[in-house]
Structure formats: C-alpha cells, structure tokens
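Architecture at a glance
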Amino acid sequence: MTNASSVQYAATLLRISSGALFLAHGLLKVKVFTVAGTVGYFESLGLPGFLAYLTICAELAGGLALIFGVATRAVSLALIPVLLGATWVHAGNGWMFSNQGGGWEFPLFWAVAQGAIALLGSGAFALRIPALQRTLGQFA
C-alpha cells in the first residue's frame, strides 16, 4: 500500500543514495584519478579540459546538495547532462558497466533516476532554504 509518507521516505532514500554516489564519483576524480589526471582523460576524449573541472564541481556540489535536500529538483535536472555525457563516454565499452572501461547502462539508469528525483522532489528530512524556495519555486 502506498501512502504519502511512504512516498516521501522513498524519495529521501533515492535522493540521499544518489547524492552519496555523486559525492563518491567526484572524490574519486579528485583523490584517485587526480584533477590533472581527470583533465587529461577528458582531453584524451577530445573534450575541453575545463569540462573536467565542471564535472568534478557538479558531482561534489550536486552530491552534497542532494544529500542535504537543497534545491533537489533543480540539482537533479542539472546533473542529467553530466550523466548523459558519462553515458556517451562509456558507450563504446558496451552495455555492462563491469566491462573494461565501464559500459553505458549504469550512467543511463542514473540519469533516469535523476529524472525520478526531479519529479518526486526532496522527500522527508530535506534542508529547506526559504530564499532558494522563493527563487526556484517548484524546482527547489
């Protein structure tokens, strides 16, 4: 049986787990691959290096925003292009993310999950900032 409170808790679980994954991916790029290494990788794909910085910032800031429930709908929508870019990067590696270099199914699923989070909103236990809610309206 679905009720309003169970939907709110489900949205919270999805939001926090997705935020934790973004934070982990951002920290991986900083601490393991290093920022310079991530920039080099982006450039090896033919992408401008500055996109690596934007991606790292999006993953770290977006992850924290999702964990805390700040501007959840807007953040989720803003992270979809990052995930579609990751889908493109991994497309040549096949479907399974366990393939060498990672496949495309995980980032594509994650992009769809961000769409679901954007539709569901923050759920329970979200940090609600009145100024952001006034500015972003329904996207807060």
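Residues numbered from 1 in each chain as written. Predicted model: local features only at pLDDT ≥ 70, side-chain atom pairs only at ≥ 80, totals over all residues. Heavy atoms only, no water.

Brief notes about the overall build of the protein chain
What counts, and what does not: Only runs of H or I of at least four residues qualify as helices and only runs of E of at least two qualify as strands under DSSP, and these elements are numbered from the N terminus. In this setup the radius of gyration rests on C-alpha atoms only. A globule is expected at 2.2 Å times the number of residues raised to 0.38. Note on exposure labels: buried denotes an accessible area under 20% of the residue type's maximum, exposed denotes more than 50%, and partly exposed covers the range between, all computed with a 1.4 Å probe on protein chains only. Residues are treated as being in contact if the distance between any of their heavy atoms lies within 4.5 Å. Computed by Shrake-Rupley with a 1.4 Å probe, the accessible areas treat only the displayed protein chains as cover when residues are assessed.
Looking only at helices and strands, one finds six helices and zero strands in the protein chain. Secondary structure elements of the protein chain, listed N to C terminal, follow the sequence α-α-α-α-α-α. Expected size for 140 residues packed as a compact globule is a radius of gyration near 14 Å; at 16 Å, the protein chain falls within 12% of this value. With the C-alpha coordinates aligned to their principal axes, the bounding extent of the protein chain is approximately 45 × 35 × 20 Å. Relative to its full complement of 140 residues, the protein chain shows a buried share of 34%. In the protein chain, of all internal contacts separated by at least 6 residues, the share reaching a separation of at least 24 is 67%. Of the roughly 7800 Å² of accessible surface on the protein chain, a fraction of 73% belongs to carbon and sulfur atoms.

Considering helix 3 (residues 50-68)
Cut-off, in case you're wondering: Each residue after the first adds 1.5 Å to the expected span of a helix.
Compared with the 27 Å implied by 1.5 Å per residue over 19 residues, the 27 Å span of helix 3 between its first and last C-alpha is a close match. Three or more residues of helix 3 are buried, namely Ala52, Thr55, Ile56, Glu59, Gly62, Gly63, Ala65 and Leu66. Elements that come into contact with the buried residues of helix 3 comprise helix 1 (4-32), helix 2 (35-44), helix 4 (72-90) and helix 5 (105-120). Positive backbone phi, at 75 degrees, marks Gly69, one or two positions downstream of helix 3.

Things to note about the layout of surface pockets
One way to see where empty space is left: roll a probe the size of a water molecule over the atoms. Heads up, the condition is: Only protein atoms enter the calculation, which uses a 1 Å grid: trapped sets of points that fit a 1.4 Å probe without letting it out are cavities, open sets showing protein on both sides within 12 Å along at least five of seven lines are pockets, and any residue with an atom within 4 Å of a point is a lining residue. Grid points are joined across faces, edges and corners, and a volume is the space filled by probe spheres set on the points. Amino acids outside the nonpolar list (Ala, Val, Leu, Ile, Met, Phe, Trp, Tyr, Cys, Pro) and the charged list (Asp, Glu, Lys, Arg) are all regarded as polar, and Gly is one of them.
By volume, the largest pocket is sized at about 630 Å³. As for the largest pocket, its lining consists of 27 residues, of which Lys29, Phe42, Glu59, Ala86 and His90 are closest to the centre. Considering each element in turn, the lining of the largest pocket owes the most residues, eight residues, to helix 4. Partitioning the lining of the largest pocket into residue classes produces 19 nonpolar, six polar and two charged.

Overview of helix 4
Just so we agree on the cut-off: One axis fitted to the seven residues ending at a residue, another fitted to the seven starting there: the angle between these axes is the bend at that residue.
Helix length check: helix 4 (19 residues) gives 26 Å between terminal C-alpha atoms against 27 Å at 1.5 Å per residue, within 8%. By the largest-angle criterion, Ile80 marks the main kink of helix 4, which is about 25 degrees, and a proline, Pro81, follows within four residues. On its buried face, helix 4 sits against helix 1, helix 3 and helix 5.

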